[in-house]
Amino acid sequence: MGRTYHQPRLVLFTGGTQSACGYAQTSVGPFYCPADHKVYLDLAFFQELKNRLGAGGDFARAYVVAHEVGHHVQNELGIMERLDRQGGGMSERGATGASVRTELQADCFAGVWAKRANDARSILQSGDVQEGLNAASAVGDDRLEKQGQGYVVPDSFTHGTSAQRVNWFSRGLQTGDIRQCDTFNAPAL
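Since we're looking at a predicted model, the values are computed, not measured.

> Which parts of the structure should I look at to understand the layout of surface pockets?
By rolling a water-sized probe across the atoms, one finds the places where empty space is left. Approximately 980 Å³ is the volume attributed to the largest pocket. Taken together, 38 residues line the largest pocket, and the ones lying closest to its centre are Val28, Gly29, Pro30, Thr158 and His159. Listing elements by their share of the lining of the largest pocket, those giving two or more residues are strand E3 (22-25), strand E4 (31-33), helix H1 (43-51), helix H2 (58-76), helix H4 (98-121) and helix H6 (141-149). Surrounding the second largest pocket, 23 residues form its lining, Tyr5, Val73, Val112, Arg116 and Ile178 being those nearest its centre.

Structure (structure tokens):
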């Protein structure tokens, strides 16, 4: 896109960690902090992804990392800053809110990375794509709410449904085109 990419720093943690965005406990899971340009990866989350959510495998973990790096790309492109200026930042929840659109775009960016990395270096092995799709589905708001409280509340969504997350990750994976990831102008998510 004609811009210089600055790589984020990765921070591995368990239990909790301090970031420029504040203190985060394991319950937060992996996250990106735009204030320090770091991706924080909670190693306990990867065990939970595999054991409790049924989405194991190396590419399931790669999807999670790529999703968080997708937030860094959003930051690099000024998307996060633009949302904050417009008052539609990550705090706007709900099935079609800015938070969901931001998260789905990060899923799409993760798919773009997977496609481009595979085209350049043939990294995908048999079953990898399915592992990534399983992970995207496993962390959908609807599925997590159903497992956690037995019912779904779309107005509380922050990341999107399982189907939405799979759809946007797949879109990036199929096209390899970051321009296909404009969740903010998509009529339907």
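Continuing now.
> Teacher, can you tell me more about the pairing of strand E5 (residues 38-42) here?
Look at any regular strand and the pattern is simple: side chains alternate between the two faces of the sheet. In terms of residue burial, E5 counts as a mostly covered element, since four of its five residues are buried. Inspection of the sheet shows strand E1 (residues 9-13) paired to E5 by five bridges, in the parallel sense. Across the sheet, residue Arg9 finds its bridge partner in E5, namely Lys38. As defined by bridge partners, E4 adjoins E5 across three bridges and the pair is classed as antiparallel. Opposite Cys33, over in E5, you have Lys38 as the bridge partner.

> Help me understand the sheet that holds E1 in this model?
Hydrogen bonds along the backbone pair up the strands of a sheet, which may run parallel or antiparallel. Reading across the sheet, the three strands line up as E1-E5-E4 and stay open at both edges, with mixed pairing between neighbours. Whereas interior strands pair on both sides, the edge strands pair on one side only; in this sheet they are E1 and E4. Across the sheet, the mean angle separating the axes of adjacent strands is 25° when strand polarity is ignored. Against the sheet, H2 contacts E4 and E5, and its axis sits at roughly 25° relative to E4.

> For this particular structure, what's the right way to read the packing of H4 against helix H7 (residues 162-175)?
Axis angle and axis distance: for two packed helices, these are the angle between their axes and the distance between the axes, and together they describe the pair. Packing of H4 against H7 brings their axes to within 6 Å, and their N-to-C directions diverge by 35°. Handedness of the H4/H7 crossing: right-handed. Contact with H4, carried on its side by Val100, Leu104, Asp107, Cys108, Ala110, Gly111, Val112, Ala114 and Lys115, involves Gln164, Arg165, Trp168, Phe169, Arg171, Gly172, Leu173, Gln174 and Thr175 of H7 and no other residues of that element.

> Teacher, can you tell me more about the pattern of salt bridges here?
Pairing of side chains with opposite charge becomes possible as their charged atoms draw close. Under the definition given, this model contains five salt bridges. Note that Arg85 is salt-bridged to Glu81, the shortest N-O span being 3.1 Å. With Arg85 and Glu81 both in helix H3 (residues 79-86) and four residues apart, this pair spans about one turn of that helix. You'll find Arg85 and Glu81 in the same group, each marked exposed. Two residues, Asp177 and Arg179, come together in a salt bridge whose shortest N-O distance is 3.3 Å.

Rules used in this analysis
- Residues numbered from 1 in each chain as written.
- Predicted model: local features only at pLDDT ≥ 70, side-chain atom pairs only at ≥ 80, totals over all residues.
- Heavy atoms only, no water.
- 1 Å grid on protein atoms, 1.4 Å probe; cavity = no way out; pocket = protein on both sides within 12 Å on 5 of 7 lines; lining within 4 Å.
- Points joined across faces, edges and corners; volume = space filled by probe spheres on them.
- Helix = DSSP H or I, 4+ residues; strand = E, 2+ residues; numbered from the N terminus.
- Buried < 20%, exposed > 50% of the residue type's maximum accessible area, 1.4 Å probe, protein only.
- Pairing = 2+ DSSP bridges.
- Axes fitted to C-alpha atoms, helices over the stretch in contact; angles between N-to-C directions.
- Contact = heavy atoms within 4.5 Å.
- Left-handed = near helix turned anticlockwise from the far one by under 90°.
- Salt bridge = Lys/Arg side-chain N within 4 Å of Asp/Glu carboxyl O.

Function cannot be inferred from these measures alone, as they are strictly geometric.
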